[in-house]
Amino acid sequence: MDGDRGSIPIVIAASCGVLVMATVSLAVGELAVLAARADAAADLAALAGVAHGCAAARQIAEANGARLEACGPRGADTSVTVTMPSGSLVARMTGRSLGRLSASALAGPPMLPSTRPSGVQPEAASLNGQ
Amino acid sequence: MRAHRHGGERGQAIVELAFAVPALLSIMLLGMWGVTVARDSVVLAGQARDIARALARGEQGSPSDPSIRMQQSTDGSTVTVRLTREVDTPVLGGFALTLSQSATTLRESG
């Protein structure tokens, strides 16, 4: 009979656990989506930047829902960094502290006979946040 | 009297469990579904970027999956690709959620 009374705390504990799990998975999922969009915005902004300058990079970053944080030449390439200003409060806070809401991309001139035919290096995105 | 009260408590505990267990399972299911929604959205965002890039170069592009719908629009010097996909929710009974991701890029002239 004592077992019956014990079920209430168990139910409460299980509820808390499940709610925390659901919240965390939602935040992580949202963060993953925002990071993917930041990557895409950085790639496309870098390509615009190398072709038409940083004003074009800003236009494309904003058209993709991102904000251009840095843009400039790196050697013959153009390097851009963007951040995603949107998202829920939880995702924004954790994303900013983890650097997951910014992404960088490097694009080079298309005509160079280099080993980089597409001109895009989507790497490094989000690892060098802030 | 005492036995009667114990019986009531026991019934209450069973009723609590009868509500709590399905509710918790539903929330867990929704959480797992949220992860697949996020994964699908990441895929959509990546494909939108790739297709926008291909169209900007004057090439063709189409989504990898027939359940993904594509809208493309051109505005002056830019190309926008919007990919949408409907996903069903598991618990809320057929309520369909529409995922949408878009990408905009500059058209390359020449």
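From a predicted model like this one, the values you see are computed outputs, not experimental measurements.

Contacts between the two partners involve 27 residues from chain B and, on the opposite side, 33 residues from chain A. Summing both sides of the interface, chain B and chain A together bury roughly 2,400 Å²; the carbon and sulfur share of this comes to 70%. For the salt bridge of Asp43 of chain A with Arg49 of chain B, the shortest nitrogen-to-oxygen distance reads 2.5 Å. At the junction of chain B and chain A, the tally comes to 3 residue pairs in polar contact (both at pLDDT 80 or more). Only α1 (2–56) and β3 (96–106) of chain B provide two or more residues apiece to the side of chain B that touches chain A. Ranked by residue count, the leading element in the side of chain B that touches chain A is α1 of chain B, at 19 residues. For the side of chain B that touches chain A, the residue count by class is 12 nonpolar, 10 polar and 5 charged.

What follows covers the environment of Val18 of chain A. By the element assignment, Val18 of chain A lies in helix α1 (residues 2–52). Every residue in contact with Val18 of chain A, bar those within four places of it in the chain, is listed here: Leu24, Ile27 and Met28 of chain B.

The next subject is empty space enclosed by the protein. If a probe the size of a water molecule is rolled over the atoms, the empty space left behind becomes visible. By the definition in use, this model includes 1 cavity of 30 Å³ or more. Contributing to the lining of the largest cavity are Arg37, Ala40, Ala41 and Asn64 of chain A together with Ala45, Ala48, Ser102 and Ala103 of chain B. Elements supplying a minimum of two residues to the lining of the largest cavity: α1 of chain A together with α1 and β3 of chain B. When residues of the lining of the largest cavity are assigned to their parent elements, the largest contribution, 3 residues, is made by α1 of chain A. Per-class residue counts for the lining of the largest cavity are 5 nonpolar, 2 polar and 1 charged.

Every regular strand shows the same layout, with side chains that alternate between the two sheet faces. The buried fraction of strand β3 (residues 102–107) of chain A amounts to 6 of the 6 residues, a majority that puts the element mostly inside the structure. A two-sided burial pattern is seen for β3 of chain A, the buried positions comprising Ser102, Ser104 and Leu106 of chain A on one face and Ala103, Ala105 and Ala107 of chain A on the other.

Another aspect to go through is the pairing of strand β2 (residues 78–88) of chain B. All names here are of chain B. Sheet topology places strand β1 (residues 69–75) next to β2; 7 bridges connect them, and they run antiparallel. Paired with Met70 across the strands is Leu83, a residue of β2. Between β1 and β2, which pair antiparallel in sequence order, lie 2 residues; one of them, Gly76, sits at a positive phi of approximately 65 degrees. Across 11 bridges, the pairing between β2 and β3 is antiparallel. Of the residues in β3, the one forming a bridge with Val81 is Ala103.

Below, the discussion takes up the sheet that holds β1 of chain B. Strand order in the open sheet formed by 3 strands is β1-β2-β3 (chain B), with antiparallel pairing between adjacent strands. In this open sheet, the two edge strands, each paired with only one partner strand, are β1 and β3 of chain B. Each strand of the sheet is rotated relative to its neighbour by a mean of 20 degrees, with strand direction disregarded. Running at roughly 175 degrees to β3 of chain B, helix α2 (residues 54–63) of chain A makes contact with β2 and β3 of chain B of the sheet.

With 19 residues, the main nonpolar core has Val81 and Leu83 of chain B as its most contacted residues. Listing elements by their share of this core, those giving two or more residues are α1 and α2 of chain A together with α1, β2 and β3 of chain B. With 7 residues, α1 of chain B is the single largest residue contributor to this core. When residues no more than four places from it in sequence are discounted, the contact partners of Val81 of chain B are Ala48, Ile51, Ala52, Leu55, Met70, Gln71, Gln72, Gln101, Ser102 and Ala103 of chain B. In this structure, Ala61, Leu68, Val80 and Ala103 of chain A belong to the second largest nonpolar core, which totals 16 residues.

So, about the confidence of the model for chain B. On average, residues of chain B carry a pLDDT of 86, and 92% of them reach 70 or more. For this predicted complex, the interface confidence comes out at an ipTM of 0.80, alongside a pTM of 0.78.

Basis of the calculations
Residues numbered from 1 in each chain as written. Chains lettered and ligands numbered in written order. Predicted model: local features only at pLDDT ≥ 70, side-chain atom pairs only at ≥ 80, totals over all residues. Heavy atoms only, no water. Contact = heavy atoms within 4.5 Å. Buried area = accessible area lost by both parts, 1.4 Å probe. Salt bridge = Lys/Arg side-chain N within 4 Å of Asp/Glu carboxyl O. Polar contact = N/O pair within 3.5 Å; in protein donor to acceptor, adjacent residues only side chain to side chain. Helix = DSSP H or I, 4+ residues; strand = E, 2+ residues; numbered from the N terminus. Nonpolar A, V, L, I, M, F, W, Y, C, P; charged D, E, K, R; others polar. 1 Å grid on protein atoms, 1.4 Å probe; cavity = no way out; pocket = protein on both sides within 12 Å on 5 of 7 lines; lining within 4 Å. Points joined across faces, edges and corners; volume = space filled by probe spheres on them. Buried < 20%, exposed > 50% of the residue type's maximum accessible area, 1.4 Å probe, protein only. Pairing = 2+ DSSP bridges. Axes fitted to C-alpha atoms, helices over the stretch in contact; angles between N-to-C directions. Core = buried A, V, L, I, M, F, W, Y, C linked by side-chain atoms within 4.5 Å. pLDDT = per-residue confidence, 0-100.

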